[in-house]
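# Descriptive analysis of the structure
Single-letter residue listing:
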Amino acid sequence: EPEVTQTPSHQVTQMGQEVILRCVPISNHLYFYWYRQILGQKVEFLVSFYNNEISEKSEIFDDQFSVERPDGSNFTLKIRSTKLEDSAMYFCASSAERGAGDIQYFGAGTRLSVL
Amino acid sequence: DQQVKQNSPSLSVQEGRISILNCDYTNSMFDYFLWYKKYPAEGPTFLISISSIKDKNEDGRFTVFLNKSAKHLSLHIVPSQPGDSAVYFCAASARNTGNQFYFGTGTSLTVIP
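Residues numbered from 1 in each chain as written. Chains lettered and ligands numbered in written order. Predicted model: local features only at pLDDT ≥ 70, side-chain atom pairs only at ≥ 80, totals over all residues. Heavy atoms only, no water.

## Considerations on the overall build of chain A
How we decide: Here a helix means four or more residues in a row that DSSP labels H or I, a strand means two or more in a row labelled E, and each is numbered from the N terminus. In this treatment the radius of gyration is a C-alpha quantity, and the globule benchmark scales as 2.2 Å times the residue count to the 0.38 power. Note on definitions: a residue-residue contact is assigned when non-hydrogen atoms from the two residues lie within 4.5 Å.
Helices and strands together make up the secondary structure of chain A, namely zero helices and eleven strands. Over its C-alpha atoms chain A spans a radius of gyration of 13 Å, differing by no more than 12% from the 13 Å that the globule rule assigns to 115 residues. Overall, the C-alpha framework of chain A stretches about 35 × 30 × 30 Å when taken along its three principal axes. Contacts in chain A between residues far apart in sequence, at least 24 positions, make up 54% of those at least 6 positions apart.

Set out below in structure tokens:
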């Protein structure tokens, strides 16, 4: 069964460092997302991406964040200068279609620990 | 901004009995609702969904009920099995806000053998 894969599973970084979280969405999907879950809190939407551009972003997704689809398979989330409060699980998701009515499939997540 | 709420952080049920997980929402524009299941160290896995034009959707042991007037949905698992033990997230989306999902905080279900 096709799945969304994320690497690494755990990333430890020093505050102020840049990190890149990587995702390989399901191959025939066209819409890509990043969510995060701070420990003990709800899963929160960060950004959605379609046709090589951001289609929506939340207020969490500030100038420190960027996304990119550098090739036909990878979808990355970059945090330029990490802060302690960026520590969270980051989930990538993809869907075949856009909008209400479509299922988003999630990867296993990357746990980001900022020290 | 808690547009989707799951007020029960945990639930314990005997194997074979019914599990009922509840979810409330505040945004009347939501028109699609989903339940995801999450095991430790894994991502959320899609379980079942319902469109706002329906009030019930059933898939095997899982049934989702939607009460639009009360802005409430529930997930029924019958019969509950130990393998159902996981965290269950309710999610909602609205056509006019694109494709982001709004998640509840989750309910941890434990099915006791």
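Past the structure itself, the notes keep going.
## Some details on the nonpolar core
The criterion, for reference: Take the buried residues of types Ala, Val, Leu, Ile, Met, Phe, Trp, Tyr and Cys, join any two whose side-chain atoms come within 4.5 Å, and each joined set is a nonpolar core. Any residue under 20% of the maximum accessible area for its type is buried, any over 50% is exposed, and the rest in between are partly exposed; the area is computed with a 1.4 Å probe on protein chains only.
Counting 25 residues, the largest nonpolar core has B:Phe30, B:Phe33, B:Trp35, B:Leu73, B:Leu75 and B:Tyr88 as the members making the most contacts within it. At the level of secondary structure, the elements contributing two or more residues to this core comprise β3 (19-25), β4 (32-38), β5 (45-51), β7 (62-67), β8 (72-77), β9 (86-93) and β11 (107-112) of chain B. Here this core takes four residues from β9(B), the largest share from any one element. One finds A:Leu21, A:Val47, A:Ile79 and A:Tyr90 within the second-largest nonpolar core, a separate group that totals 23 residues.

## Section: the interface of chain B and chain A
You'll often see interface size given as the accessible area lost when the parts meet. The cut-off we apply is this: Buried area is calculated as the accessible area (1.4 Å probe) missing from two parts once they are joined, with the contributions of both summed. For this analysis, a salt bridge means a side-chain nitrogen from Lys or Arg found within 4 Å of a carboxyl oxygen belonging to Asp or Glu. In protein, a polar contact means a hydrogen-donor-capable atom and an acceptor-capable atom, both N or O and within 3.5 Å, with residues adjacent in sequence counting only if both atoms are side-chain atoms; elsewhere, any N or O pair within 3.5 Å suffices.
Listed per partner, the contact involves 24 residues of chain B and 20 residues of chain A. Approximately 1,800 Å² of surface area, both sides summed, lies buried where chain B meets chain A, with 57% of it carried by carbon and sulfur atoms. Counting across the chain B and chain A interface gives zero salt bridges. Across the contact surface, chain B and chain A share three residue pairs in polar contact (both at pLDDT 80 or more). If you tally residues by element for the side of chain B that touches chain A, the top one is β4(B), at four residues.

## Brief notes about unusual backbone geometry
The omega torsion of the bond from A:Thr7 to A:Pro8 falls at -10 degrees, within 30 degrees of zero and hence cis. For A:Pro8, the position within the fold is in the loop between β1 (5-7) and β2 (10-13). Cis geometry is found at the peptide bond from B:Val78 to B:Pro79, where omega equals -10 degrees. With respect to the helices and strands, the residue B:Pro79 is situated in the loop between β8 and β9. Phi at A:Asn51 is positive, roughly 55 degrees, even though this residue is not glycine. Inspection of the secondary structure assignment puts A:Asn51 in the loop between β5 (43-50) and β6 (53-57). The class for A:Asn51 is exposed, based on a relative accessible area of 57%. For B:Ala41, which is not a glycine, the phi torsion comes out positive at approximately 65 degrees. On the secondary structure map, B:Ala41 appears in the loop between β4 and β5.

## Thoughts on the environment of A:Tyr90
Residue and element names in this part refer to chain A. Checked against the element boundaries, Tyr90 lands in strand β9 (residues 88-95). Exposure remark for Tyr90: the relative accessible area of 0% places this residue in the buried category. For Tyr90 and Gly72, which are 18 residues apart along the polypeptide, the C-alpha to C-alpha distance reads 21 Å. Those residues in contact with Tyr90 that lie beyond four places of it in its chain are Gln6, Leu21, Trp34, Tyr35, Arg36, Leu46, Phe65, Leu77, Ile79, Gly109, Thr110 and Leu112.

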